[in-house]
Amino acid sequence: MNDEILAYLNHAFLDIGINYSFMRKNGKVSYPYFVGDYIESQEATESGEMRVTFNLNGWTKGSWMELETIKQKLANKFRHFTGMVDGYGVLIMYSNSTPIPVEDSELKRIQIVFEVHIWRNE
């Protein structure tokens, strides 16, 4: 994953009003908030494709529906985004989500997963 694609995702999340940070929440916590990370695979094809799993974890002290509503906004935005980002061909797709139990009964958590495919344009 490169800086340009991470910056694109950052702007896309902020554009739809998601309180987002990469890797860890910085500053004062304001719910709901989301933190992203990724798992990168090696380039496995002759086309130079890189496959990345992007995880977006969200927390709230509100209702489960608050997280579900945000998940649906993200699913709609990333049903099948394709385009060029700073010379890279990119495909971003919503993949799945999982509500995750948390010991704190007031806190709710969801993990939203996106598939990212990147092709280098050299």
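Before reading on, note that the structure itself is shown above.
Residues numbered from 1 in each chain as written. Predicted model: local features only at pLDDT ≥ 70, side-chain atom pairs only at ≥ 80, totals over all residues. Heavy atoms only, no water.

A. Representation of the overall build of the protein chain within the structure. Across its full length, the protein chain holds two helices and six strands. In the protein chain, the succession of α and β elements from N to C terminus is α-β-β-β-α-β-β-β. Computed over its C-alpha atoms, the radius of gyration of the protein chain comes to 15 Å, within 12% of the 14 Å expected for a compact globule of 122 residues. Overall, the protein chain is about 50 × 25 × 25 Å in size when its C-alpha atoms are taken along their principal axes. Scored against the burial criterion, the 122 residues of the protein chain give a buried share of 40%. Sequence separation of 24 or more characterises 57% of the internal contacts of the protein chain that already satisfy a separation of 6 or more. Total accessible area on the protein chain is roughly 7,000 Å²; 48% of this is exposed by carbon and sulfur atoms. Positive and negative side-chain charges of the protein chain, numbering 12 and 16 respectively, have mean locations separated by a distance of 10 Å. (Helix = DSSP H or I, 4+ residues; strand = E, 2+ residues; numbered from the N terminus. Rg over C-alpha atoms; globule rule 2.2 N^0.38 Å. Buried < 20%, exposed > 50% of the residue type's maximum accessible area, 1.4 Å probe, protein only. Contact = heavy atoms within 4.5 Å. Areas by Shrake-Rupley, 256 points an atom, 1.4 Å probe, with all protein chains shown as cover. Lys, Arg positive; Asp, Glu negative; His and termini not counted. Charge placed at Lys NZ, Arg CZ, Asp CG, Glu CD.)

B. Region of interest: the nonpolar core. If you look at the biggest cluster of nonpolar residues, it comprises 26 residues, and the most contacted ones within it are Phe13, Phe54, Leu56, Leu74 and Phe114. Mapped by element, the contributors of at least two residues to this core are helix 1 (3–15), strand 3 (49–60), helix 2 (64–77), strand 5 (88–100) and strand 6 (108–120). (Core = buried A, V, L, I, M, F, W, Y, C linked by side-chain atoms within 4.5 Å.)

C. How the structure looks around the environment of Lys108. Mapping Lys108 onto the fold places it in strand 6. Given a relative accessible area of 15%, Lys108 falls into the buried group. A sequence separation of 45 residues divides Lys108 from Ser63, and the C-alpha atoms of the two residues are 7.6 Å apart. Filtering out sequence-adjacent residues up to four positions away, Lys108 remains in contact with Gly58, Trp59, Thr60, Lys61, Gly62, Ser63, Trp64 and Leu67. At 3.0 Å, the side chain of Lys108 and the backbone oxygen of Gly62 are in polar contact. Within the structure, Lys108 has its side chain in polar contact with the backbone oxygen of Glu106 (distance 3.3 Å). (Polar contact = N/O pair within 3.5 Å; in protein donor to acceptor, adjacent residues only side chain to side chain.)

D. Just the packing of aromatic side chains, in detail. Taken as a whole and judged by the stated rule, the model has nine aromatic pairs. Here the aromatic rings of Phe13 and Phe78 are separated by 6.1 Å at their centres, their planes lie at 70 degrees, and the arrangement is edge-to-face. With Phe13 in helix 1 and Phe78 in the loop between helix 2 and strand 4 (81–85), the pair connects residues that are 65 residues apart, well separated along the chain. Each member of the pair, Phe13 as well as Phe78, carries the same accessibility label: buried. Ring geometry for Phe13 and Phe114: centres 6.2 Å apart, planes at 40 degrees, overall tilted. Linking Phe13 in helix 1 with Phe114 in strand 6, this pair joins segments that are 101 residues apart in sequence. An aromatic cluster is built from Phe13, Tyr20, Phe54, Phe78, Tyr94 and Phe114, whose rings are joined through pairwise contacts. (Phe/Tyr/Trp six-rings, centres within 6.5 Å; stacked < 30°, edge-to-face > 60°.)

E. Molecular detail of the pattern of salt bridges. Per the counting criterion, the structure on display carries two salt bridges. Residue Arg51 pairs with Glu49 through a salt bridge whose shortest N-O separation is 3.2 Å. Residue Glu49 is classed as buried on the basis of its relative accessible area of 8%. Across the pair Lys71 and Glu68 runs a salt bridge whose closest N-O atoms are separated by 2.8 Å. Here Glu68 and Lys71 lie together in helix 2, a separation of three residues that amounts to about one turn. By relative accessible area, Lys71 is classed as buried at 14%. (Salt bridge = Lys/Arg side-chain N within 4 Å of Asp/Glu carboxyl O.)

By themselves, these observations are geometric and do not establish any function.
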